[in-house]
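Geometric and topological summary
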Amino acid sequence: MAEVLGLGVTHYPPLSGTNDNLTRVFQRALADPQLPEELRNPANWPAQARVEWASDDGREAGRRHREALVAQFARARQALDEFNPDLVVIWGDDQYENFREDIIPPYSVLAYNDLTVRPWEHSAESNVMGDQNVWNEPKDHELLVKGHREAAKYFTTSLIEQDIDVSYAYKPLHHPGFPHAFLNTILYLDYDRQGFDYPVVTFPINCYGRRVISYQGNISALGDIRELDPPSPSPARVMQVGAAVARAAAESPWRVALIASSSWSHSFLVESTHHLFPDTAADKRLYQALVDGDLEAWRSTTLAQAEASGQQELLNWWALLGAMSELGRSTPTWSEFVGSHLFVSDKVFAAYQP
């Protein structure tokens, strides 16, 4: 039986930019003309938001937030290096990158060979990180991401044989490279630029569901109501998929690291906070269940509940918890909750070590 490592991280896009851009999404929400006027006054914000905003519009809090995230990525990278996997499987969301009008699968396996990507070629188009990256790498900077088509085909075959009807792809359909959820995960796990030589199999999930086409998986203004798309797969179903992946990994000839990559609730998806703040209360409830090994609390959460809390991307973590449940690891070896009111989302890091 092969050994399997489980990791949970974030792919928070502003982390690849400079500290000046960490409040970009919050500032945009604050300037929304539909925002209730009283919410433009910090005195009416949650206490933690006021602390983060302070007297410098969140700059010092942003610096501390980056430091906390970088420290947790270093911890996750250490766990990855100590495990020394033969390959890494990453669950992430496809945010209108390859999942577009011509095909929206519930999830897919990207069976790519080695792929050379340019992370910053289109960075100026980003609405969350700006046009400068934190490493000062040039626009034409290239990164080789090793693939493992054999393993990708193995996982696809195994899932189909387990009655999980998963699609697959040998090349990108629209996006020239990897969707940001996967590319950012690799960039951040190599934040200090020592190299990332582990072969990667990416497993995108249609996390944005009802908003993937109509909103193009993106930030929208308050009151922007559009015709919604069909939903994502449910959290319970994604946990079943994760369990099937764990079985396949355990029966494989490889040491496999399974990584869920996403922040938790996203401010721009939370209607109850008028797109200003994440749903920290909902995040903390699920985090406590994670720490306690209460996987039933995760399994019983409905898609409607997740959507109401802006936790669409958390489906990636539902896959991880399904996998760890299948392997008999209900509680993480270690975990950390990195909360934030001003920086789009709460983030969690966790490791499930064999």
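In this report, the structure presented in the accompanying data block is examined. Everything quoted here is computed from the prediction, not taken from an experiment.

Across its full length, the protein chain holds ten helices and ten strands. Computed over the C-alpha atoms, the radius of gyration of the protein chain is 19 Å, within 12% of the 20 Å expected from 2.2 N^0.38 for a compact globule of 354 residues. For the C-alpha atoms alone, the extent of the protein chain along its principal axes is close to 60 × 45 × 40 Å. Residues classed as buried in the protein chain amount to 58% of the 354 residues present. Long-range contacts, defined as pairs at least 24 residues apart, comprise 81% of the intrachain contacts of the protein chain with a sequence gap of at least 6. Surface summary for the protein chain: the accessible area is close to 14200 Å², and the carbon and sulfur share equals 48%. Across the protein chain, the mean location of the 29 positive side-chain charges is 2 Å away from that of the 47 negative side-chain charges.

Further remarks concern unusual backbone geometry. Excluding glycine, most residues fall at negative phi; most peptide bonds, likewise, are trans. If you check the backbone angles, Gln216 has positive phi at about 50 degrees while not being a glycine. You can see Gln216 is positioned in the loop between β7 (200-205) and α6 (235-250). A positive phi angle, close to 70 degrees, is found at His275, a residue other than glycine. Secondary-structure assignment places His275 in the loop between β8 (256-261) and α7 (280-292).

This part covers helix α10 (residues 315-326). The end-to-end C-alpha distance of α10, which contains twelve residues, comes to 17 Å, matching closely the 16 Å that a straight helix rising 1.5 Å per residue would cover. Burial analysis of α10 places ten of its twelve residues in the buried class, the great majority of the element. Turning to α10, its buried residues number three or more, namely Leu315, Asn316, Trp317, Trp318, Ala319, Leu320, Leu321, Gly322, Ala323 and Met324. Taken from the residues just after α10, Gly328 is the one with a positive phi, measuring 80 degrees.

This part takes up the pairing of strand β1 (residues 4-9). With six of its six residues buried, β1 lies for the most part within the structure. Residue alternation in β1 divides its side chains into two sets, Val4, Gly6 and Gly8 and Leu5, Leu7 and Val9, and both sets are buried. Bridging between β1 and β8 involves six bridges; their strand directions are parallel. Among the inter-strand pairings, Gly8 is bridged to a residue of β8, identified as Ala260. For β1 and strand β10 (residues 347-352), the ladder comprises three bridges, and the chain directions are antiparallel. Looking at the pairing, Gly8 lines up with Ala350 of β10.

If you walk through the whole model with that rule in mind, you get 21 aromatic pairs. Relative to Trp45, the ring of Phe26 lies with its centre 5.3 Å away and its plane at 90 degrees, an arrangement referred to as edge-to-face. Residue Phe26 is found in helix α1 (residues 24-30), and its partner Trp45 is found in the loop between α1 and α2 (47-53); the two are separated by 19 residues along the sequence. Trp45 carries the same exposure label as Phe26, and that label is buried. Ring centres of Phe196 and Tyr198 lie 5.5 Å apart, and the angle between their planes is 85 degrees; on these two criteria the pair is classed as edge-to-face. A network of ring pairs unites the aromatic residues Trp264, Tyr287, Trp298, Trp317, Trp318 and Phe337 as a single cluster.

Another point: the pattern of salt bridges. Pairs may arise between side chains of opposite charge once their charged atoms sit close together. By the definition in use, this model includes 15 salt bridges. Arg77 is the salt-bridge partner of Asp81, the closest N and O atoms lying 2.9 Å from each other. With Asp81 and Arg77 both in helix α3 (residues 59-83), this residue pair falls four residues apart, about one helical turn. Classification of Arg77 as buried rests on a relative accessible area of 14%. Of the charged contacts, one joins Arg210 and Glu307 as a salt bridge, the two residues approaching to 3.0 Å between their closest N and O atoms. In this pair, Arg210 is assigned in the loop between β7 and α6 and Glu307 in helix α9 (residues 303-308), connecting sequence segments 97 residues apart. Taken together, the salt bridges that share partners define one network made up of Glu60, Arg63, Arg64 and Glu67.

In summary, the side chains of a regular strand alternate between the two faces of the sheet. With respect to burial, β8 is a largely interior element, six of its six residues being buried. Burial along β8 is two-sided: Val256, Leu258 and Ala260 facing one way and Ala257, Ile259 and Ser261 facing the other are all buried. Examined bridge by bridge, strand β2 (residues 87-93) and β8 share five bridges and lie parallel to one another. For Leu87, the partnering residue across the bridge sits in β8 and is Val256.

Each value, and the rule that gives it
Residues numbered from 1 in each chain as written. Predicted model: local features only at pLDDT ≥ 70, side-chain atom pairs only at ≥ 80, totals over all residues. Heavy atoms only, no water. Helix = DSSP H or I, 4+ residues; strand = E, 2+ residues; numbered from the N terminus. Rg over C-alpha atoms; globule rule 2.2 N^0.38 Å. Buried < 20%, exposed > 50% of the residue type's maximum accessible area, 1.4 Å probe, protein only. Contact = heavy atoms within 4.5 Å. Areas by Shrake-Rupley, 256 points an atom, 1.4 Å probe, with all protein chains shown as cover. Lys, Arg positive; Asp, Glu negative; His and termini not counted. Charge placed at Lys NZ, Arg CZ, Asp CG, Glu CD. Expected span 1.5 Å × (residues − 1). Pairing = 2+ DSSP bridges. Phe/Tyr/Trp six-rings, centres within 6.5 Å; stacked < 30°, edge-to-face > 60°. Salt bridge = Lys/Arg side-chain N within 4 Å of Asp/Glu carboxyl O.

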